[in-house]
Amino acid sequence: MLNYIWLALLVIGIGVALYGDVSDISANKYHNGEEISCIIQFSQHVSSPPTQLQKMQCAVAIATQLPAGSGTLPDTIIQKAELFPGGTLHIFIDEQTPAILREVFEAQKNEFLLVHAKWESFNGREIPAVITFDPVRFVRINAVTNDGIIKYAKTAVELAIGLIGLMALWLGIMKIAEQAGLVAMLAAVLRPVTTRLFPDVPADHPAMGAMIMNISANMLGLNNAATPLGLKAMEELNRLNKKAGTATDAMVTFLVINTSNLQIIPASVIAIRAAAGSSNPAEIIGTVIVASALTMVIAIITVKLMAKLPGYRKQLLPTEES
Amino acid sequence: MIESLISAIDVLSILAIPALVFFIVAYGAIKKVKIYEVFVEGAKEGFHVAVRIIPYLVAILVAIGVFRAGGAMELLSRLIAPVTNFIGMPPETLPMALIRPLSGSGALGVMSETINTYGADSLIGRMVSVMMGSGETTFYVLAVYFGSVSISKTRHAVAAGIVADIVAILMSVWLTNLIFG
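About the cut-offs
- Residues numbered from 1 in each chain as written.
- Chains lettered and ligands numbered in written order.
- Predicted model: local features only at pLDDT ≥ 70, side-chain atom pairs only at ≥ 80, totals over all residues.
- Helix = DSSP H or I, 4+ residues; strand = E, 2+ residues; numbered from the N terminus.
- Rg over C-alpha atoms; globule rule 2.2 N^0.38 Å.
- Buried ≥ 20, exposed ≤ 12 C-beta atoms within 10 Å, placed from the backbone.
- Contact = placed C-beta atoms within 7 Å.
- Expected span 1.5 Å × (residues − 1).
- Pairing = 2+ DSSP bridges.
- pLDDT = per-residue confidence, 0-100.
- Axes fitted to C-alpha atoms, helices over the stretch in contact; angles between N-to-C directions.
- Parallel < 35°, antiparallel > 145°, perpendicular 65-115°, else oblique.
- Left-handed = near helix turned anticlockwise from the far one by under 90°.

## Points about the overall build of chain A
No. 1: Secondary structure summary: chain A contains 10 helices and 6 strands in total.
No. 2: Rg of the C-alpha trace for chain A: 31 Å, well past the compact-globule value of 20 Å for 322 residues, more than 25% over.
No. 3: For chain A, the spread of C-alpha atoms along the principal axes amounts to about 90 × 55 × 35 Å.
No. 4: When burial is assessed residue by residue, chain A has 39% of its 322 residues classed as buried.
No. 5: In chain A, of all internal contacts separated by at least 6 residues, the share reaching a separation of at least 24 is 60%.

Next comes the structure, spelled out in structure tokens:
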């Protein structure tokens with residue numbers, strides 16, 4: 001199942017991006033190649049365009065309307081700019097810049113709007129010229145590459161590395177709690193519930209203790225304690241697994257309890273609401289508790305019913321791998 | 001009354017972790033556990049578990065990243081908008097409902113953005129708050145938990161997890177409309 005979800009996320013993600021880009025290109029959303037006449041203005045008389053390693057401060061007055069269908073511009077807009085050798089022009093975007101230029105500017109992802117200028121003769125304070133936008137293509141595919149693939153591959157490792165310290169801390173604390181008999185005590189108290197939820201796990205198995213600690217941490221909103229304890233629980237549950245690589249009923253039930261997590265103190269939500277100036281940041285606690293409790297009950301019923309389905313049962317039988 | 005409730009929650013979330021550490025270590029010491037040695041012994045596993053989940057995290061996060069960056073998320077919200085309107089879910093809360101199971105930091109970002117745009121005390125603001133509190137990053141949990149014990153045949157976990165996500169959203173919508181609507 002995770003196979004199909006993974007495939008769907010990747011294929012749909014890249015497919016939608018590609019489709020969006022191709023339709024942008026065919027509609028020429030970013031006005032690639034369209035010529036716009038303008039006047040390049042200088043503060044004094046100039047007689048030659050900039051040479052190597054030189055740039056000229058100027059302003060660009062665009063006095064025409066952009067081609068039909070692309071919206072209208074005010075009669076004249078004047079933007080500050082810098083002219084470089086070869087006719088490269090950096091136009092600086094400000095509040096009065098019309099949306100159409102702004103859109104291309106945002107897609108180009110530079111600090112300025114990059115255009116190429118051509119002129120007949122370069123002489124005077126005001127030089128008539130024709131500009132074209134630096135072409136913008138495949139905005140979405142580029143976003144997929146940079147903001148999707150490259151960034152998230154890095155994020156994944158950073159997340160895992162960031163987990164090492166907390167992981168070590170909570171696994172160490174957990175070991176003390178285990179040796180001191182605390183976990184066993186907690187497990188004994190909750191035994192009537194846990195033996196029903198996880199009938200395949202012996203009541204005094206270390207997996208029970210770890211699962212109880214994880215679920216308690218989750219309820220209290222202690223996320224950085226919950227993950228290490230949950231991973232510990234999975235490790236213990238895997239010791240009871242008769243078929244390596246396949247999830248047991250207890251694992252799936254535990255996971256679903258985790259994902260439907262009953263929240264008693266949604267601390268981060270309250271913090272954001274307070275920061276946003278809510279008159280009563282904590283007013284949602286009751287609703288969150290009821291919503292997550294009902295969700296957890298329904299999720300547990302669902303997971304228990306699903307586990308009975310023959311298709312899922314069959315996967316537990318010992319088989320030779322093909 | 002409300003003020004004191006908020007400050008109680010504040011104090012509790014500030015104290016929870018130090019109190020837990022203090023209590024367990026002190027109790028261990030009373031029970032004559034060699035706390036230092038035992039702690040180190042347990043902590044040793046931390047590194048291996050964290051490293052073991054890297055491939056699974058990369059797989060799931062990259063797929064989610066591609067899905068979001070390419071604009072598939074917006075397309076999906078447009079496609080299911082008729083359904084959500086029918087159940088009384090404002091379209092402004094749809095991005096939250098979709099991102100919640102995929103990305104924790106993404107959901108936090110969407111929540112802050114929505115609340116800042118529509119106000120924390122608006123129905124929309126309250127609804128995304130409830131969604132944030134009652135949902136969970138299902139796919140991250142699935143990838144990390146199963147990854148840590150190298151399980152690739154997840155059986156009914158994904159289906160049940162998605163059911164739980166949908167139920168959590170429906171509950172949030174229904175209860176928020178009921179209580180604050």
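## Focus: the overall build of chain B
No. 1: Of regular secondary structure, chain B possesses 10 helices and 0 strands.
No. 2: Its helices and strands in sequence order give chain B the pattern α-α-α-α-α-α-α-α-α-α, from N to C terminus.
No. 3: In terms of C-alpha radius of gyration, chain B reaches 21 Å, well past the compact-globule figure of 16 Å for 181 residues.
No. 4: Along the longest, intermediate and shortest principal axes, the C-alpha atoms of chain B span 60 × 50 × 25 Å.
No. 5: Here chain B holds 181 residues, and 51% of them are scored as buried.
No. 6: Partitioning the intrachain contacts of chain B with sequence separation of at least 6 by distance along the chain shows that 63% fall at a separation of at least 24.

## Topic: the environment of Y152 of chain A
No. 1: Assignment of secondary structure puts Y152 of chain A in helix 3 (residues 139-179).
No. 2: A residue is classified by how many C-beta atoms lie within 10 Å of it, and Y152 of chain A, with 23 of them, is buried.
No. 3: Each residue touching Y152 of chain A, except ones within four places of it in the same chain, is listed here: L61, V62 and G65 of chain B.

## Overview of helix 5 (residues 206-219) of chain A
All names here are of chain A.
No. 1: When the terminal C-alpha atoms of helix 5 are compared, their 20 Å separation across 14 residues agrees well with the 20 Å that a helix rising 1.5 Å per residue should span.
No. 2: With 12 of 14 residues buried, helix 5 lies mostly within the body of the structure.
No. 3: On its buried side, helix 5 packs onto helix 3, helix 4 (182-197), helix 6 (223-239) and helix 7 (249-259).
No. 4: Two residues or fewer after helix 5 comes G221, characterised by a positive phi angle close to 75°.

## Some thoughts on the interface of chain B and chain A
No. 1: Contacts between chain B and chain A engage 86 residues on the former and 93 residues on the latter.
No. 2: Here the element with the most residues in the side of chain B that touches chain A is helix 10 (residues 157-180) of chain B; it accounts for 14 residues.

## Points about the environment of V144 of chain B
All names here are of chain B.
No. 1: Topologically, V144 is positioned in helix 9 (residues 138-148).
No. 2: Considered as a pair, V144 and M96 are 48 residues apart in the sequence and their alpha carbons are 22 Å apart.
No. 3: In this structure, V144 is in contact with I53, Y56 and L57, ignoring residues within four places of it in sequence.

## Observations regarding helix 8 (residues 123-134) of chain B
No. 1: A rise of 1.5 Å per residue sets the reference length of helix 8 of chain B, with its 12 residues, at 16 Å; its end C-alpha atoms lie 16 Å apart and thus fit the reference within 8%.
No. 2: Taking burial as the measure, the 12 residues of helix 8 of chain B include 11 buried ones, the bulk of the element.
No. 3: Looking only at helix 8 of chain B, the buried set comprises I124, G125, R126, M127, V128, S129, V130, M131, M132, G133 and S134 of chain B.
No. 4: Residues of helix 8 of chain B that are buried make contact with helix 8 (267-275) and helix 9 (285-307) of chain A together with helix 6 (94-99), helix 7 (104-118) and helix 10 of chain B.

## Section: the pairing of strand 6 (residues 124-133) of chain A
Residue and element names in this part refer to chain A.
No. 1: The sheet contact formed by strand 1 (residues 36-46) and strand 6 spans 7 bridges and is antiparallel. Its bridge partner lying in strand 6, Q41 is registered against E126.
No. 2: Where strand 5 (residues 113-119) and strand 6 come together, 5 bridges link them in antiparallel fashion. Following the sheet pairing, V115 is matched in strand 6 by F133.

## A look at the confidence of the model for chain A
No. 1: Counting all residues, the mean pLDDT for chain A is 85, and 94% of those residues have values of 70 or more.
No. 2: Across chain A, the element-wise mean pLDDT spans from 82 in helix 8 of chain A up to 93 in helix 7 of chain A.

## Observations regarding the sheet that holds strand 1 of chain A
Hydrogen bonds along the backbone pair up the strands of a sheet, which may run parallel or antiparallel.
All names here are of chain A.
No. 1: In spatial order, the strands read 1-2-3-4-5-6; together these 6 strands close into a barrel with antiparallel pairing. Neighbour-to-neighbour, the strand axes of the sheet open up by a mean angle of 45°, direction not taken into account.
No. 2: Helix-sheet contacts for helix 2 (residues 99-108) involve strand 5 and strand 6, and the interaxial angle to strand 5 is about 115°.

## Some words on unusual backbone geometry
No. 1: A positive phi is found at H31 of chain A, a non-glycine position, where the angle reads about 55°.
No. 2: Relative to the assigned elements, H31 of chain A resides in the loop between helix 1 (2-26) and strand 1.

## Regarding the packing of helix 8 of chain B against helix 10 of chain B
Residues and elements named next belong to chain B.
No. 1: Contact geometry of helix 8 with helix 10 gives a least axis separation of 9 Å together with a crossing angle of 140°. Compared by their axis directions, helix 8 and helix 10 come out oblique. When you trace helix 8 past helix 10, the crossing you get is right-handed. Contacts between helix 8 and helix 10 involve L123, R126, M127, V130, M131 and S134 on the former and, on the latter, A168, I169, M171, S172, V173, L175, T176 and F180.

## A few points about the confidence of the model for chain B
No. 1: In the predicted model, chain B carries a mean pLDDT of 87, and 96% of its residues have values of at least 70.
No. 2: Per the prediction output, this complex has pTM 0.78; the corresponding ipTM is 0.84.

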